[in-house]
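Tertiary structure, described
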Amino acid sequence: MTPEPQGPGPAIDAGAELDPVHPIQLPVVHRPGGLSSAEVAERIARGEVNDVPVRSSRSTVDIIRGNVFTRFNAIIGVLWVIMFFVAPLQDGLFGYVILANTGIGIIQELRAKKTLDSLAVIGETKPVVRRDGVAAEVSTSEIVLGDLIELGPGDKVVVDGDVAEADSLEIDESLLTGEADPVLKKPGDRVMSGSFVVAGGGAFTATKVGREAYAAQLAEEASRFTLVHSELRSGISTILKYVTWMMIPTAIGLIISQLVVKGDNIKDSIARTVGGIVPMIPEGLVLLTSVAFAIGVVRLGRKQCLVQELPAIEGLARVDVVCLDKTGTLTEGGMDVTELRMLDGHDEAYVRRVLGALGESDPRPNASLQAIIDAYPDSEEWRCTESLPFSSARKYSGAAFSEGDGQSSTWLLGAPDVLLPSGDPALAAVDHLNEQGLRVLLLARAAGELDAPAVAKGARPTALVVLEQRLRPDAAATLRYFDDQDVAAKVISGDNAVSVSAVAGKLGLPGAGNTIDARRLPAEREAMAAELDANAVFGRVSPQQKRDMVGALQSRGHTVAMTGDGVNDVLALKDADIGVSMGSGSEATKAVAQIVLLNNSFATLPSVVAEGRRVIGNITRVATLFLTKTVYSVLLAILVVCSQVEYPFLPRHLTLLSTLTIGVPAFFLALAPNKERAQPHFVRRVMRYAIPGGIIAAAATFTTYILARAHYSGPAALEAETSAATLTLFLVAMWVLAITARPYTWWRILLVAAMGLGFLIVLVVPWLQDFFALRLVGTTMPWTAVGIAAVAAVLLEVSYRWVDRRYPA
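Residues numbered from 1 in each chain as written. Predicted model: local features only at pLDDT ≥ 70, side-chain atom pairs only at ≥ 80, totals over all residues. Heavy atoms only, no water.

**Focus on the environment of Leu671**
This is how it is decided: Secondary structure counts use DSSP, requiring at least four H or I residues in a row for a helix and at least two E residues in a row for a strand, with both numbered from the N terminus. Throughout, a contact is declared for two residues whenever any of their heavy atoms are within 4.5 Å.
Mapped onto the elements, Leu671 comes out in the loop between α22 (651–670) and α23 (682–711). With 57 residues separating them along the chain, Leu671 and Arg614 place their C-alpha atoms 7.2 Å apart. Apart from residues lying up to four places away in sequence, Leu671 is in contact with Ala292, Ile295, Arg299, Arg614 and Asn618.

**Concerning the packing of aromatic side chains**
The test is simple: Stacked, tilted and edge-to-face are the three classes assigned to paired rings of Phe, Tyr and Trp, where Trp is represented by its six-membered ring and a pair needs centres within 6.5 Å; plane angles under 30 degrees give stacked, over 60 edge-to-face, the rest tilted. The criterion for a charge sitting over a ring is simple: Lys NZ or Arg CZ within 6 Å of the ring centre, and within 35 degrees of the ring normal.
Applying the stated criterion across every chain, the model contains ten aromatic pairs. Both rings, one in Tyr350 and one in Trp382, keep their centres 5.8 Å apart while their planes meet at 55°; by these two values the pair is tilted. You can see Tyr350 sitting in helix α11 (residues 348–361) and its partner Trp382 sitting in the loop between α12 (367–375) and β11 (383–388), a full 32 residues away along the chain. Here Tyr350 and Trp411 contribute two aromatic rings whose centre-to-centre distance is 6.0 Å and whose plane-to-plane angle is 55°, an arrangement assigned as tilted. Taken together, the positions of Tyr350 in helix α11 and Trp411 in strand β13 (residues 408–414) put the pair 61 residues apart, joining distant regions of the chain. Members of the aromatic cluster, joined through ring pairs, are Tyr350, Trp382, Phe401 and Trp411. Sitting over the ring of Tyr242, Lys241 keeps its end group 5.4 Å from the ring centre.

**Structural notes on the environment of Gly508**
Relative to the assigned elements, Gly508 resides in the loop between α16 (497–506) and β17 (515–517). Measuring from C-alpha to C-alpha, the distance between Gly508 and Ala476 comes to 6.5 Å, with 32 residues separating the pair along the chain.

**A word on the environment of Leu763**
Within the element layout of this structure, Leu763 appears in helix α25 (residues 746–764). A C-alpha to C-alpha distance of 6.8 Å links Leu763 and Leu774, two positions eleven residues apart in sequence. Excluding anything up to four places from it in sequence, Leu763 contacts Leu727, Gln769, Leu774 and Leu776.

**A short note on the packing of helix α15 (residues 475–484) against helix α21 (residues 605–643)**
For the record, the criterion: The angle between two axes is taken between their N-to-C directions and runs from 0 to 180 degrees, where each axis is a line fitted to C-alpha atoms and a helix contributes only its stretch in contact. Any angle from 65 to 115 degrees is called roughly perpendicular, while one under 35 is roughly parallel, one over 145 is roughly antiparallel, and all others are oblique. Note on residue categories: nonpolar means Ala, Val, Leu, Ile, Met, Phe, Trp, Tyr, Cys or Pro, charged means Asp, Glu, Lys or Arg, and polar means any other residue, Gly included.
Packing of α15 against α21 brings their axes to within 10 Å, and their N-to-C directions diverge by 30°. Compared by their axis directions, α15 and α21 come out roughly parallel. For the pair formed by α15 and α21, the contact residues are Thr478, Tyr481 and Phe482 on the first element and Leu605, Pro606, Val609 and Ala610 on the second. For the contact of α15 with α21, a count of residues per class yields six nonpolar, one polar and no charged.

**Focus on the nonpolar core**
Note the threshold: What we call a nonpolar core is a set of buried Ala, Val, Leu, Ile, Met, Phe, Trp, Tyr and Cys residues that are connected through their side-chain atoms within 4.5 Å. The rule is simple: take the accessible area with a 1.4 Å probe, protein chains only, and divide by the maximum for that residue type; under 20% is buried, over 50% is exposed, in between is partly exposed.
With 126 residues, the main nonpolar core has Leu316, Leu509, Ile595, Phe602 and Phe759 as its most contacted residues. Take this core: its biggest share by element is 15 residues, from α21. Sequence-distant contacts of Phe759, that is, excluding residues within four places in its chain, are made with Leu656, Leu657, Leu660, Thr726, Leu727, Phe730 and Leu774. With 26 residues, the next largest nonpolar core counts Leu532, Val567, Ala576 and Ala588 among its residues.

Any functional reading would require information that these geometric values do not contain.
Below, the structure written as structure tokens:
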């Protein structure tokens, strides 16, 4: 038994002239068998191919340009060149550090690009195209003008075209037009790229490909690999903007002070001026953020997780509510028929023939219908005369048959509580089965025609088809993880509420016992949000309701992630802060999701959350180190300008300090595990520590320097003064590092101790003393420097605790 074939459309005139001005916008006529190989080759030669850029990756040239040509690299590059002419090699070490950092950034981002590109190929949508009369999957980029592209439920329309064949074809264009209701398409109607099929099937002829297609420009812009548009990176950009404005007048004042007021030794004055400007630049912060994101992509890629938009790593780490679709997320895609229960004494052999014919009537069956197909073979004598594909909105499908003996019948298969009136005796049995976590479909004989608006009204119940869903073995552990991490899980399903409750209960979801039937949810957003906050499991949710529920949660300040794999999840996935799709999901869900789990494992989600928390938590942590340095560098320069004294440090001193107290430890801290949920207000959270820390460090260092100037005299006095000031600054910066590294683990204690040991080695090894121009003279000033640093450490502890109370995060 097969559905009745569509009538052949008009043939295309292969020799027709193409418009030379608009070669890819001409109407193309339908040919049932599609283009021939020769015609495809001809169109490719003319450039009439769907050449939309590959998703999720930027070019190697862009990566190198983005890492090399930065504002701060330009400033440091100019200062580095100047130091070549006026100072020894060791005073230009900061330039080599920048070269190394930039190289690391490029290498890590190229690794991320390689990972993204390989995963994007695995997860790429491959539409079915008819060529030479044969249907085959091709890459989206291989579609040419005039191709005949087949459509089924969940398929995304990848280029613009005209409908050539339609079998109850319903297309959702809400992502393009905002219109929520699916549109029934007939042969000759237009379809637009970016829309997707919600029910039925058919085929369309491509009339616009490449950048001419309706959604291509939007897709090209939205799909590019990016390191921007996240709170973390926008916060860092805000900080860098203010740092630049502070740095310019401070640097000018320092230059005038050192060159004009103390102009007796020009080269030394220039070296000390550069030494004052370089540490004001938090160049490593931008690099470290890029590296942390890139490494996150590589780590997740190893777990078959495709991050289609890089900030999704950050976004999922901020999530406090995750909405889960039951089918395909908590349960595996496949089902098994466990029982066929007759109603009102109907003949089981006849019902089996009906179910076999229904299964064969749908060329693209969903999981439930596939289980029925596997259980009940088709009867060859029955012929499908009309079909009504399953729709998530109406919750049933149907077909009309000629039974081979002159009889005809119309049947419906779907949700019992939708097809039966409230109070029907059969619903009691359905509820009992649902309480066991089983899925139940009702087979009913329709009283009227299939195309009648109220076809379900008066349908006579015939049998209950009982299906068993396969729970994902990793679902329970994943739900426990979210509960432990204070992430609220909401199960939002189109299935019967009692059945959803039973599945959630088996998985140990808190609140599974109290399930809400979404048909009784209030439509008003605030009232809906209150119900969502109070409950965890919702059944009989329509696709539009899923979207409304996401919006209601967001209206209460929640950061919402939505997972799903079916076409009924698309709208909610699109509106959620983070959309997560299974790799086996429909083309439409994968197209709108920011994260695709290519291995179809729900258990991968905790890894994504953990990776995002690691990136954001650690960058917030190390940003304090970088910006404390910026604050104390600017304040030291201002104090030097106001006091009209030599700047105490050469570039080599601050390169040493930055490496030991910021550069090396920040790299390890940025890549360490971190399970804290990401918090908003990145700039405020960082600056509330960096400002008091920088002020205390600058005040302590300048106090030591002024006391040393009064204590030392003679030709070597400046080196001794610098050494004492360097000791104080190092100790204070080490205390900032020690606070930032909390809570302590063995490796963090070892890291802080190693940095202290490194500085001690410089102070005691003679050739390193000469190389870095650091030599502590006498005992009075060195111990004074230590004492001042100890007072500063106490002030740091007091100020940080005061800040925690006064300006909580």
